[in-house]
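# Report on the structure
Given next are the chains, with one letter for each unit.
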Amino acid sequence: MKDFITTNGYDMPPSEFRKFGHQLIDWIADYMENIEKYPVLSMAEPGEIKTKLPPSPPEKGEPFNNIFEDVEKIILPGITHWNHPKFMAYFNSTSSGPGILGELLSAAFNVNGMIWQTSPAATELEHVVLDWLRQMLNLPEDFWGIIYDTASISTLHAIAAAKTEAEDKYKENFEVSKLCVYFSEHAHSSVEKAARFLGVKNIRKIPVDEDFRMIPDKLEEAVNNDFGKKLIPFCVIATVGTTSTTSIDPVEEISTICNSKNIWLHVDAAYGGTAAIVPEMRYILNGCENAGSFVVNPHKWLFTPIDLSAFYIKKPDLLKKTFSLVHEYLKTEKDNAVVNYMDYGIQLGRRFRALKLWFIIRYFGKEGLANIIREHIRISNKFAELIEAHPGFEKMAPNPFALVCFRAKMPDKTQQEINKLNETLLHAINATGKSFLSHTKLNGDYVLRLSVNGIHTQERHMLETWELIKHTLETILKEQI
Ligand SMILES: *Cc1c(COP(=O)(O)O)cnc(C)c1O
């Protein structure tokens, strides 16, 4: 025993932790400073990383240096660099200096915030930070907040609460098989997954208008139709900033329908919500004050290391009713005076996620965060102007946030040929490793997406990507002749 026990019990000795900790922080600082030198999209082939790793664990401990050498040699080539300023695919969740430090400290404390007593600061900071975020988004005071890992899980909890409410309301007439849920064809896949998981069979996908927004009249029609069949319309999910195009469902009109028919409205603003911190963008959340629940992801566009999803609900007691199940060994004498977050969701153990968000909000301030988001919107608007001014390209959807949907134009060609060209264009751009874009399909058209929401992305990165797009297209067209 003696030769491996240290002043830190059986853990790494403090002197070693200090030494390698400093080295690691230096490495991270260099990494961030030089991130543009890496290919943004990992060029690894399927299975390539795995074959470089030993198939069985080491019998004896290894020096930290050896582990870290392998990070550089084996792991790094398999990393797609989300913090790269030209990561413009999907929605670019980036971390940030204060976010990384908050995450590090949270791992050091390693508290489990399952109940108030297991770390009062974890529970109370979560409460305060989510209320700060609520104020930054100008949402009403009766929005009670809780942190889950992802928007998918937040939405699952929203629909579960709505189901419990329906059960209370319909009493003996309640049957899971009668439940009907409504969302647009452009809602995120997590919505349908959650509905399926909860056993909701009647899934109604409401058509969208030419700008990919849910059509309220069609929603009302579907709801009335289901009421007519003695079914139970219980939940509508509206999206502020859809994943394909960032379209904004008309929440105000949808909420009027929901309120008049007593149906739960959940708003999915996972990506778009944080834009409301910018005063001139606040309009995007109009009507959200009427929703029963709301989700926004600081890990998407608020520079928070993944994961952290902020969920707000007006009737937290419904969550408690759905999920609370307290065993004797978790009861404390303070239970009546405190919030035990384990009562409000499926999980018991909870990471101290609020710490990193607290670091971020304090470090940048509301104004600082608004300035970064505003700049992202300005850069993407400029990209949209470049697309529209160029005869070889066209914009394919409105761009209310910081995402532009576009494609290369080809007069006199079939949809299939144009799709093929744009697919080839996307793969050729991404294969350069210089920029990373993604795609979607809109009415059968293959469409490229360029998203500006990484904290390191500046105007020049968009301009360099624009040059790359034009150049790559020229090369492809030349080869085709
Ligand atoms: C990204 C996204 C989600 C899923 O977010 P996760 O946190 O990864 O579950 C849900 N809805 C919308 C609108 C999104 O953009």
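One can find the structure itself at the top, above this paragraph.
Let me sum up the structure you'll find in this document. Computed from a prediction, not measured in an experiment: that's the story for all the values here. The residue numbering used here restarts from 1 in each chain and proceeds along that chain's sequence as written. In view of the model being predicted, local features appear only for residues whose pLDDT reaches at least 70, and side-chain atom pairs are presented and counted only at 80 or more, with totals across whole chains, interfaces and linings using the full set of residues. The basis for every side-chain value is the complete set of non-hydrogen atoms in the structure, without hydrogens or water.

## Side note on the packing of aromatic side chains
- Aromatic contacts are taken between Phe, Tyr and Trp rings whose centres are within 6.5 Å, Trp giving its six-membered ring; a plane angle under 30 degrees counts as stacked, one over 60 as edge-to-face, and the others as tilted. Tallied over the entire structure, the rule returns 25 aromatic pairs.
- Geometrically, the ring pair formed by phenylalanine 87 and tyrosine 90 is tilted, given 6.4 Å between the ring centres and 50 degrees between the ring planes.
- Only protein chains enter the accessibility calculation, which uses a 1.4 Å probe; a residue is then buried when its area is under 20% of its type maximum, exposed when over 50%, and partly exposed in between. Given a relative accessible area of 0%, phenylalanine 87 falls into the buried group.
- Tyrosine 90 sits in the partly exposed class, given a relative accessible area of 44%.
- One aromatic cluster is present, formed by Phe20, Trp27, Tyr31, Tyr38, Phe64 and Phe68 through successive ring pairs.
- Above the plane of the ring of phenylalanine 91 lies arginine 449, whose end atom (NZ or CZ) is 5.1 Å from the centre. Placement of a positive charge over a ring is assigned whenever Lys NZ or Arg CZ falls within 6 Å of the ring centre and within 35 degrees of the normal to the ring plane.

## Concerning the site of the ligand
- Working definition: residue near molecule or strand if any one of its non-hydrogen atoms lies within 4 Å of it. Close to the ligand lie 15 residues, the nearest being Ala151, Ser152, Asp268, Asn297 and Lys300.
- Between the ligand and the protein, one listed contact pairs a nitrogen atom with a side-chain N or O atom of aspartate 268 at 2.6 Å.
- Residue exposure ignores everything except the shown protein chains as possible cover, and the areas themselves are Shrake-Rupley values with a 1.4 Å probe. Relative to its unbound accessible surface of 380 Å², the ligand loses 88% to contact with the protein.
- Those elements giving two or more residues to the shell around the ligand turn out to be helix 6 (151-170) and helix 10 (298-301).
- Charged means Asp, Glu, Lys or Arg here, nonpolar means Ala, Val, Leu, Ile, Met, Phe, Trp, Tyr, Cys or Pro, and polar covers whatever is left, Gly included. For the shell around the ligand, the per-class residue count stands at 4 nonpolar, 9 polar and 2 charged. Polar contact criterion, stated in full: a pair of N or O atoms within 3.5 Å, where within protein one must be able to donate a hydrogen and the other to accept it, and residues adjacent in sequence count only if both atoms are side-chain atoms. In DSSP terms, a helix is any run of H or I states spanning at least four residues, a strand is any run of E spanning at least two, and both are numbered starting from the N terminus.

## As for the sheet that holds strand 1 (residues 144-148)
- When DSSP finds two or more bridges between a pair of strands, those strands are recorded as paired. Strand order in the open sheet formed by 7 strands is 1-7-6-5-4-2-3, with mixed pairing between adjacent strands. Two strands lie at the open edges of the sheet, namely strand 1 and strand 3 (202-206), each paired on one side alone. Within the sheet, the average angular offset between the axes of one strand and its neighbour, ignoring direction, is 20 degrees.
- Direction of pairing for strand 6 (residues 293-296) relative to strand 7 (residues 309-313): antiparallel, over a ladder of 4 bridges. Across the sheet, residue valine 296 finds its bridge partner in strand 7, namely alanine 310.
- On top of the sheet, helix 9 (residues 251-261) reaches strand 4 (232-239) and strand 5 (264-268); it is set at about 160 degrees to strand 5, its chief contact. Lines fitted to C-alpha atoms define the axes here, with helix axes fitted over just the stretch in contact, and angles between the N-to-C directions of these axes take values from 0 to 180 degrees. Only heavy atoms enter the contact rule, under which two residues are in contact if any of them lie within 4.5 Å.

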